[in-house]
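Structural characterization, general
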Amino acid sequence: MNTSFFNQRLRHVVLSALFFVSFAFFSPALAQNFEEGLKLYENEQFEEALQIFQSLESPQAILFTGKTYYSLGEYLKARSYLDAIPVNAAREIQLEGRYTSALADFHLNQFGSALNRLHDIIEIGDGSALINNANILYNGILDYLTLAQRRQAFQAANYTTVKLDLVESAFGKVDYQMATFLLEELRQSIPGDEEEAIANLEQELGSSATYVYRDALTNRLSAPRGMVYDIGAVLPKFSSNSPQFSVSQGLYQGYLLAAEQFNQRNADKKAFIRYQNTGADIDSAGYAMNYLAWSNNVDAVLGPLYSEPAMRVAELAEEYQIPVLAPLANADSLNIDNPYVFQANPTFSSHGQRMAEFAVKQLNMDTLAVFAEKNSLGASSAYAFRREAERLGAHIKHFFVEDLQTGGYDITEYTNQFGPDTLIRRQGDVSLNSGGGNINNRQEKTVIRNNLDGIYAPFTGQAAATLIDLLMIDLQVMQTDLTVLGSQEWGATEIPEDRIRNRAIYYTESFYSDPDSERVAQFREEFNQRFGQEANRYAMIGYDSADYLLKILEQIENPALLKDIIKTYPLYEGLINNINFNGTHVNQEVKVFEMTLEGNQPVVN
């Protein structure tokens, strides 16, 4: 479904009038062409309908060109056509054009302009369905605005009535001090002959003792009926034979299914996914983000995949103040000092911090070693592990973040430090014999205890499997039962049973899907029915990311609040990804798994 609820309502209000009035102005051939376009439009075949409407020059065709662009989420183009409807066009066409322009203004966050247009329509006051809808939308916008949006609308308002309504509708939504300030601003900005209106508002405001302020918990902002949320999806487009095709396609299909389920749950709110191809480079990612911001005025963005395009999207997210939720990106540098970027995939630092917390708090480890490859992504995990472990009171006895490639991955120099309590130091004491002056040599054996509780080895990249294998061989040769703590690559590496036996091995993971979950089984069935193929893990990741975002919008209704709410939103338990930012911009829900002979199992916290 790709049309807006607003637009559906528009059609039912005015189409009947157009059918009876408009065709009188067409020649039979043109009327037939317009009717073909109208059928395509009604069937939501907007691109095909657009070709027909743009080939015609009638006021009706101009109107429906604008309406079609509106349905496609291209609000600037929609408004340019709607505002070009001739002044001598039929009254019904002009009114519908103004109403649709007001809707476009609303989606472009130009609330003052939207209220001005709706005010013009309402003033006609003929009791028609469209006038009634304009009045409903007008009041809906007044109840929807944040304080910042209300200020913008107030400054853009052309009519005293609109300014009065903006101030009056704020009563109860702001505290008493702000309400009195708004009233004074109103007094300074409207003509002096409106004293009666000001006096009525003063009486309605009352005193600080009688004023009732309903805070955000009890007075949630309410979106106008028929609210449409535009969610950008920035993903690279791959050919079907590319190995990355299933990643991009799976994420996008997951987004679509989450949006469709949102639309099924909400009769008066709709969400649409607006796709833009990022390619794999910075320039295309920048174009995609610019287009979504300017043409679609999206409320939030999902994606992108790769680190470099993600950095460009992040820069523009801050410029346009559009929240971005990245489902897969986990670079530690992506969200630094950027209040609009959120990473649903925990960073490598998050993995290190979580593993340290698990080691010290749940395994009661006190003395630890850390071993990682220099300049790898796992190095970030290593440093984060050390910081968190020491913060929790543990001791890091060995910390090796080394250039292992240069030495041909000969790691025995480091693994020897992790051996059992077998090192011996020989000490000779010399004493004189008083009888004959003989010297006696006495030797003592001193056991040097290694005293390690575990080793954290966050190996990543192409060499990860090799390093895991070499470390496990060395630990086996040294006959030590040292507990191993690892990165996600440990869970994806096949380790022989004899190296696992009698050793505890734990690793962290961002994503996990319970094979016995009824919810997962239901999702797979719905996905197969919708797309005719099996859902891969990326489809579940995409679904969780979009569903998480839409569930927040379902509650807060105004996307302007999204940036601040995401950080504090309660735990979201998804199909494959739990999400909880816990006051940060990085998902803190890292899972810990134990590697056993029976298979890898999640550890219950």
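Residues numbered from 1 in each chain as written. Predicted model: local features only at pLDDT ≥ 70, side-chain atom pairs only at ≥ 80, totals over all residues. Heavy atoms only, no water.

The helix and strand inventory of the protein chain stands at 24 helices and 16 strands. A burial count over the protein chain gives 53% of its 605 residues as buried. Within the protein chain, counting contacts between residues at least 6 apart in sequence, those at least 24 apart form 66% of the total. By element, 47% of the accessible surface of the protein chain is carried by carbon and sulfur atoms, the whole surface being about 28,100 Å². (Helix = DSSP H or I, 4+ residues; strand = E, 2+ residues; numbered from the N terminus. Buried < 20%, exposed > 50% of the residue type's maximum accessible area, 1.4 Å probe, protein only. Contact = heavy atoms within 4.5 Å. Areas by Shrake-Rupley, 256 points an atom, 1.4 Å probe, with all protein chains shown as cover.)

In space, the 7 strands of this open sheet follow the order β7-β6-β10-β11-β12-β15-β16, with mixed pairing throughout. At either end of the open sheet lies a strand with only one pairing partner, and these are β7 (395–402) and β16 (599–602). Along the sheet, successive strands turn relative to each other by an average axial angle of 20°, direction set aside. Both strand β15 (residues 591–596) and β16 contribute to a ladder of 4 bridges, which runs antiparallel. Bridging across to β16, Thr596 finds its partner in Gly599. Packed on one face of the sheet, helix α16 (residues 348–362) meets β10 (454–457), β11 (483–486), β12 (505–509) and β15 and runs near 140° to β12. (Pairing = 2+ DSSP bridges. Axes fitted to C-alpha atoms, helices over the stretch in contact; angles between N-to-C directions.)

Before going further, it helps to examine the packing of aromatic side chains. Taken as a whole and assessed by the stated rule, the structure comprises 34 aromatic pairs. Ring geometry for Phe400 against Tyr414: centres 5.2 Å apart, planes inclined by 55°, an arrangement best described as tilted. Of this pair, Phe400 sits in strand β7 while Tyr414 sits in helix α18 (residues 412–415); the two residues are 14 residues apart in sequence, bridging distant segments of the chain. The burial state of Phe400 is the same as that of Tyr414; both residues are buried. Their ring planes at 15° and their centres at 5.5 Å tell us that Tyr507 and Phe593 sit as a pair that is stacked. One end of the pair, Tyr507, is in strand β12; the other, Phe593, is in strand β15, with 86 residues separating them in the sequence. Overall, the relative accessible area of 4% leaves Phe593 in the buried class. (Phe/Tyr/Trp six-rings, centres within 6.5 Å; stacked < 30°, edge-to-face > 60°.)

Time to look at unusual backbone geometry. The omega torsion across Gly303 and Pro304 is -5°, close enough to zero to call that bond cis. Even without a glycine there, the phi angle at Glu44 is positive, about 65°. Tracing the sequence through the fold places Glu44 in the loop between α2 (28–42) and α3 (46–54). Positive phi, normally seen in glycine, also occurs at Asn502, with a value near 65°. With respect to the helices, strands and loops of the structure, Asn502 is situated in the loop between α21 (497–500) and β12.

Side-chain pairing between opposite charges can occur once the charged atoms of the two side chains come close. Enumeration according to the criterion identifies 23 salt bridges in this entry. Measuring nitrogen to oxygen at the nearest pair gives 3.0 Å for the salt bridge that ties Arg312 to Glu315. One end of the pair, Arg312, and the other, Glu315, are both in helix α15 (residues 307–320), 3 residues apart, so they sit about a helical turn from each other. Overall, the relative accessible area of 27% leaves Arg312 in the partly exposed class. (Salt bridge = Lys/Arg side-chain N within 4 Å of Asp/Glu carboxyl O.)

Counting residues in hydrophobic clusters, the biggest one holds 115 residues, and the most contacted among them are Ile141, Leu186 and Tyr548. For this core, the element with the most residues is helix α23 (residues 537–556), which contributes 11 residues. What Tyr548 contacts, discounting residues up to four positions off in sequence, is Leu325, Ile566, Tyr569, Tyr572, Ile579 and Phe581. Formed by 28 residues, the second largest nonpolar core is a distinct cluster that contains Leu452, Leu471, Val484 and Trp490. (Core = buried A, V, L, I, M, F, W, Y, C linked by side-chain atoms within 4.5 Å.)

Moving on to the environment of Ser333. Examined against the element boundaries, Ser333 turns out to sit in the loop between β4 (324–326) and β5 (341–343). Separated by 26 residues in the primary sequence, Ser333 and Ser307 have C-alpha atoms spaced 9.3 Å apart.

Turning next to helix α12 (residues 195–205). Those residues of α12 that fall on the buried side of the exposure criterion are Ala197, Ile198, Leu201 and Leu205. For α12, the buried positions fall inside an angular range of 100° around the axis, keeping them on one side. Along α12, exposed side chains directed more than 90 degrees from the buried face belong to Glu196 and Gln203. Residues of α12 that are buried sit in contact with α10 (160–168) and α11 (176–189). One or two positions beyond α12, positive phi appears at Gly206, with a value near 75°. (Arc of directions from axis to C-beta.)

Taken N-terminus to C-terminus, the directions of helix α4 (residues 59–71) and helix α5 (residues 75–82) make an angle of 165°; their axes are 7 Å apart at the nearest point. One finds that α4 runs roughly antiparallel with respect to α5. In the crossing of α4 with α5, the sense of the turn from one axis to the other is left-handed. Mapping the contact onto sequence places Ile62, Leu63, Thr65, Gly66, Lys67, Tyr69 and Tyr70 in α4 and Tyr75, Lys77, Ala78, Tyr81 and Leu82 in α5. When grouped by side-chain class, the residues that make up the contact of α4 with α5 number 8 nonpolar, 2 polar and 2 charged. (Parallel < 35°, antiparallel > 145°, perpendicular 65-115°, else oblique. Left-handed = near helix turned anticlockwise from the far one by under 90°. Nonpolar A, V, L, I, M, F, W, Y, C, P; charged D, E, K, R; others polar.)

Here Gln588 lies in the loop between β14 (578–579) and β15. Exposure remark for Gln588: the relative accessible area of 25% places this residue in the partly exposed category. Counting along the chain gives 78 residues from Gln588 to Ser510, while the straight-line C-alpha distance between them is 9.4 Å. Setting aside chain neighbours within four positions, we find Gln588 in contact with Ser350, Asn580, Phe581 and Asn582.

Let us look at the confidence of the model for the protein chain. Reading predicted coordinates in detail is not appropriate for stretches of low pLDDT. The predicted model of the protein chain has a mean per-residue pLDDT of 88, with 87% of residues at 70 or higher. Per-element confidence in the protein chain is highest for strand β3 (residues 300–302), whose mean pLDDT is 98, and lowest for helix α1 (residues 5–21), whose mean pLDDT is 39. Scored below 50 in pLDDT, residues 1–26 makes 75 contacts in the model with residues more than four places away or belonging to other chains. (pLDDT = per-residue confidence, 0-100.)

A few words now on the pairing of β12. A large share of β12 lies buried, amounting to 5 of its 5 residues. The side-chain alternation of β12 yields two buried faces, one formed by Ile505, Tyr507 and Glu509 and the other by Tyr506 and Thr508. Here β11 pairs with β12 via 3 bridges, running parallel. Across the sheet, the residue bridging to Leu485 is Tyr506, located in β12. The sheet contact formed by β12 and β15 spans 5 bridges and is antiparallel. Looking at β15, one finds that Ile505 is bridged to Met595.

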